[in-house]
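So you can see what is in the structure, the chains are spelled out below.
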Amino acid sequence: MAHPFLLLWLRLVGEDRAQPGRRPRRRVEATSAAEATATIFLVMRRMRAPLIVLIVIFAVSVLGLTLIPGQDAAGRPWRMGFFDAFYVMSYTASTIGFGEIPYPFTANQRMWVTITIYLTVIGWAYAIGSLLSLLQDRAFRQAVALQRFRRQVARLREPFLLMVGYGRTGELLTRWFDALGRRVVVIDTQKHRIDELDLGTFRADVPALVADARDPGHLGVAGLNHPSCEAVLALADDEEANLAVVMSAALLRPDLPVIARTTSQPLGERMRAFGTPTVVNPFDCFGDHLRLALRSPAAHQLTTWLEAGPGAPLPSRGSPPRNGAWVVCGYGRLGGEVCADLRAEGLQVTAIDPRAQGTDEDVLVGDGSDPRVLARVGLGRAVGFVAGTDNDTTNLSLVAAARNANPRLYIAARQNRPASAPLFAAMEIDALLVPTEVIAREVYAQVSTPLLWRFLRELPARDDAWAAALVDRLTDLCGAHLQAMWKVRFTRREAPALVGWLASGQGRLGDLMRNPEDRDQPLHAVVLLVLRGDEAVLAPGPEFEPALDDEVLLVGRAAARRALDSTLLVDAVREYVTTGRRVPVSWIWRALRRSRPAQGPA
């Protein structure tokens, strides 16, 4: 039997410190946590002088009424007691005014009460003015907001995501996760963004705080130590702040997964030095997508469709040129990534940048919208053009100039601001990069359905014909709009009806994916991935043999999901689906079946 003091010690220090070889979880003790509970002391400190003035005025007024003599009904001298004086001053100072008790006041008493009335008015004016000034004080409002935010986070019982940064990426992710029923806690340094979040319509409340996430104390108040915190998303515009968040999470909660955004390769390497965070670089992702589109247009089409989420229409399958020269305008972070990826595909690339230093022989210093510069790089003979500067107006003018020079170009462009979306849509760009949306889709794929992320990582290794066949299967069974996406695990708890069937070694995935109403009809769903341990099988065929503890990613209609659930849970449904035999479900029908005499063949 365990010692009671040892059990108490384990509860105090937690299991993290009790288990050898495991890094302990460190609590975040910061001044911000203490400030969240010190609001009342701030009020008392700011209101100390006004309260003292009111108390002194009240005390002097009560004392004066007890000392100034009055007269009773018979004209005899009478002095008011402390209780009566306190009662009179209570309704007098509060401007209620019940009257003179128990006897009419004398002239001296009335004079004293007149003086106390003006004194209490002055005292109340001073106190109310101080209170209004306190309510408008920035420090007080921050303390109140911090205390309210801390209480909201502490009351969370379901898993939540700690999101740092509520820009366009954070807004998209918050809405997508809210639609999935996932809770989110937000920190941002910009007050107007938090105000926009408060005005948004969400299914559940989204606790939000205006604070600098580089302070570990703010992360602690936001729930970094909360047992329900399941991941940290560092999506701030300040990439140094994202690095600070990765550092804090890796040192204080090494067990939490962290996803961070950056556009700098060196900064990404610094992030990876702390644990194993997932670093999302939108420029790198765009380069990878462009390479995938060149190598396998069907795989690029499938990736774009799956990342868009349920309800998205099937995008058109592009046909980018696989041979020929490319011209990239803007040799910054995006231009460098795109040039490196295109050259890795064996293509000739020439970059144009007015700020280039001329250290690269394939970089031309000049204005990409100048027809003379475009003629120098041979745009008329090129097959692709990339407008990748950080200015939307410049990119649109570059696209217009390039099309005037060569209408047959494959155009890729970068959109920086959401307000420019209608202009880029009117230009009919072949490949459009919106960094905020790229980051949002990458993070959504990793957090919402990790199996989908694994599928997308394995997809580029397949050829174009395989991806095209999978797209055809999806459209045949589910239509041209992406349906629901879900995962199941073939465990004893989630799929009890499959335990014996899987253990027999006779199970086939094609038998399982049949309609429980008519097994001759297939379910309107497609298995995208089967994960067995660390081994992933993409889009397995009907002869694939599933096993216990397999994780399966499916996409299909909602009705197919409900039908598959009945197959996984009900033995009779599974028996009919896999063998075609109808088995009685209730004990009455089973008893009638046993009592029915056996009949020979007709």
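Owing to the predicted nature of the structure, the values given are computational and were not obtained by experimental measurement. (Residues numbered from 1 in each chain as written. Predicted model: local features only at pLDDT ≥ 70, side-chain atom pairs only at ≥ 80, totals over all residues. Heavy atoms only, no water.)

A. Spotlight on the overall build of the protein. For the protein, the count of helices and strands is 27 helices and 18 strands. Residues classed as buried in the protein amount to 46% of the 602 residues present. Excluding contacts between residues fewer than 6 apart, the proportion of contacts in the protein whose partners are at least 24 apart in sequence is 65%. (Helix = DSSP H or I, 4+ residues; strand = E, 2+ residues; numbered from the N terminus. Buried < 20%, exposed > 50% of the residue type's maximum accessible area, 1.4 Å probe, protein only. Contact = heavy atoms within 4.5 Å.)

B. Local environment of the nonpolar core. By size, the foremost hydrophobic cluster in this structure holds 44 residues, and its most contacted members are Val186, Leu233, Trp326, Leu342 and Val443. Ignoring anything within four residues of it in the chain, the contact list for Val186 reads Phe149, Met163, Tyr166, Ile194, Leu197, Val206, Pro207, Ala208 and Leu209. The next biggest cluster of nonpolar side chains, apart from the first, holds 32 residues, and it includes Leu156, Leu162, Leu219 and Val232. (Core = buried A, V, L, I, M, F, W, Y, C linked by side-chain atoms within 4.5 Å.)

C. Quick look at the sheet that holds strand β6 (residues 229-234). Read from one edge to the other, the open sheet built from 6 strands follows the order β5-β4-β3-β6-β7-β8, with strand pairing classed as parallel. Every interior strand has two partners, whereas the edge strands, β5 (208-210) and β8 (278-280), have only one. With strand direction ignored, the average angle separating the axes of adjacent strands in the sheet is 15°. With 5 bridges joining them, strand β3 (residues 160-164) and strand β4 (residues 183-188) adopt parallel strand pairing. Looking across to β4, one finds that Val164 is bridged to Ile187. (Pairing = 2+ DSSP bridges. Axes fitted to C-alpha atoms, helices over the stretch in contact; angles between N-to-C directions.)

D. Molecular detail of the sheet that holds strand β13 (residues 410-414). The strand order across the open sheet built from 6 strands is β11-β10-β9-β12-β13-β14, with neighbouring strands paired in parallel fashion. Strands at the two margins of the open sheet, each flanked by one partner only, are β11 (363-364) and β14 (431-433). Relative to strand β12 (residues 384-387), strand β9 (residues 325-329) runs parallel, the two being bridged by 4 bridges. By the bridge assignment, Val328 is partnered in β12 with Val386.

E. The pairing of strand β18 (residues 551-556), seen in detail. Burial of β18 is extensive: 6 of the 6 residues sit out of reach of the surface. Inspection of the sheet shows strand β15 (residues 484-489) paired to β18 by 6 bridges, in the antiparallel sense. Counted as the bridge partner of Ala484 is Gly556 from β18. With 6 bridges joining them, strand β16 (residues 525-532) and β18 adopt antiparallel strand pairing. Considered in β18, the bridge of Val526 is made with Val555.

F. The pattern of salt bridges, seen in detail. In total, this model carries 27 salt bridges according to the counting rule given. Among the salt bridges present, the one from Arg261 reaches Asp237, with a minimum N-O distance of 3.8 Å. A residue pair is termed long-range when its members are at least 10 positions apart, and Arg261 in strand β7 (residues 258-261) and Asp237 in the loop between β6 and α12 (239-252) qualify at 24 residues. Using a relative accessible area of 13% as the deciding quantity, one classes Arg261 as buried. In this structure, Asp255 and Arg253 form a salt bridge, with 3.0 Å as the shortest nitrogen-oxygen distance. (Salt bridge = Lys/Arg side-chain N within 4 Å of Asp/Glu carboxyl O.)

G. A look at the packing of helix α14 (residues 282-295) against helix α16 (residues 333-344). In contact at an axis separation of 9 Å, α14 and α16 are set at 30° when each is read in the N-to-C sense. The pairing of α14 with α16 is recorded here as roughly parallel in orientation. With respect to the hand of their crossing, α14 and α16 are arranged in right-handed fashion. On α16, the residues touching Phe283, Asp284, Phe286, Gly287, Asp288, Leu290, Arg291 and Leu294 of α14 are Arg333, Leu334, Glu337, Val338, Asp341, Leu342 and Ala344. For the contact of α14 with α16, the class distribution of residues is 8 nonpolar, 1 polar and 6 charged. (Parallel < 35°, antiparallel > 145°, perpendicular 65-115°, else oblique. Left-handed = near helix turned anticlockwise from the far one by under 90°. Nonpolar A, V, L, I, M, F, W, Y, C, P; charged D, E, K, R; others polar.)

H. Expanded view of the environment of Ile115. Take Ile115: it is sitting in helix α7 (residues 107-136). With relative accessibility at 37%, the residue Ile115 sits in the partly exposed group. In this structure the C-alpha to C-alpha distance between Ile115 and Ser61, which are 54 residues apart in sequence, comes to 8.7 Å.

I. View of the packing of aromatic side chains. Enumeration according to the criterion identifies 6 aromatic pairs in this entry. Between Trp176 and Tyr444, the ring centres sit 5.3 Å apart and the planes meet at 70°, which makes this aromatic pair edge-to-face. Residue Trp176 is located in helix α9 (residues 168-179), and its partner Tyr444 is located in helix α20 (residues 435-448); the two are separated by 268 residues in the primary sequence. What links up through ring pairs into an aromatic cluster is the set Trp176, Phe177 and Tyr444. (Phe/Tyr/Trp six-rings, centres within 6.5 Å; stacked < 30°, edge-to-face > 60°.)

J. Fine view of the packing of α20 against helix α21 (residues 450-458). Look at α20 against α21: their axes get within 5 Å of each other, and the N-to-C directions meet at 120°. By the angle class used here, α20 and α21 are oblique. Side by side, α20 and α21 meet where Glu442, Ala445, Gln446, Val447 and Ser448 of the first sit next to Pro450, Leu452, Trp453, Leu456 and Arg457 of the second. For the contact of α20 with α21, the class distribution of residues is 6 nonpolar, 2 polar and 2 charged.

K. Representation of a nonpolar patch on the surface within the structure. A cluster of nonpolar residues, Trp124, Ile128, Leu131, Leu132 and Leu135, forms a patch on the protein surface that exposes about 460 Å² of accessible area. As for its placement among the helices and strands, Leu132 is situated in helix α7. Here Leu132 falls in the partly exposed class, since its relative accessible area comes to 49%. (Patch = residues over 30% accessible without salt bridge, like charges linked within 9 Å, V, L, I, M, F, W, Y side chains within 5 Å. Areas by Shrake-Rupley, 256 points an atom, 1.4 Å probe, with all protein chains shown as cover.)

L. Unusual backbone geometry, seen in detail. With a phi angle near 45°, Ala539 is a residue other than glycine that sits in the positive phi range. Summarising the element assignment, Ala539 is placed in the loop between β17 (535-538) and β18. For Ala539, a relative accessible area of 12% puts it in the buried group. Even without a glycine there, the phi angle at Asp549 is positive, about 70°. Summarising the element assignment, Asp549 is placed in the loop between β17 and β18. Its relative accessible area of 48% is what places Asp549 among the partly exposed residues.

M. Geometry of the environment of Val583. Its place among the elements puts Val583 in the loop between α26 (571-579) and α27 (587-595). Considering only alpha carbons, one finds Val583 and Val573, 10 residues apart in sequence, at a separation of 8.0 Å. Discounting residues that sit within four places of it in the chain, Val583 has contacts with Ala572 and Glu575.

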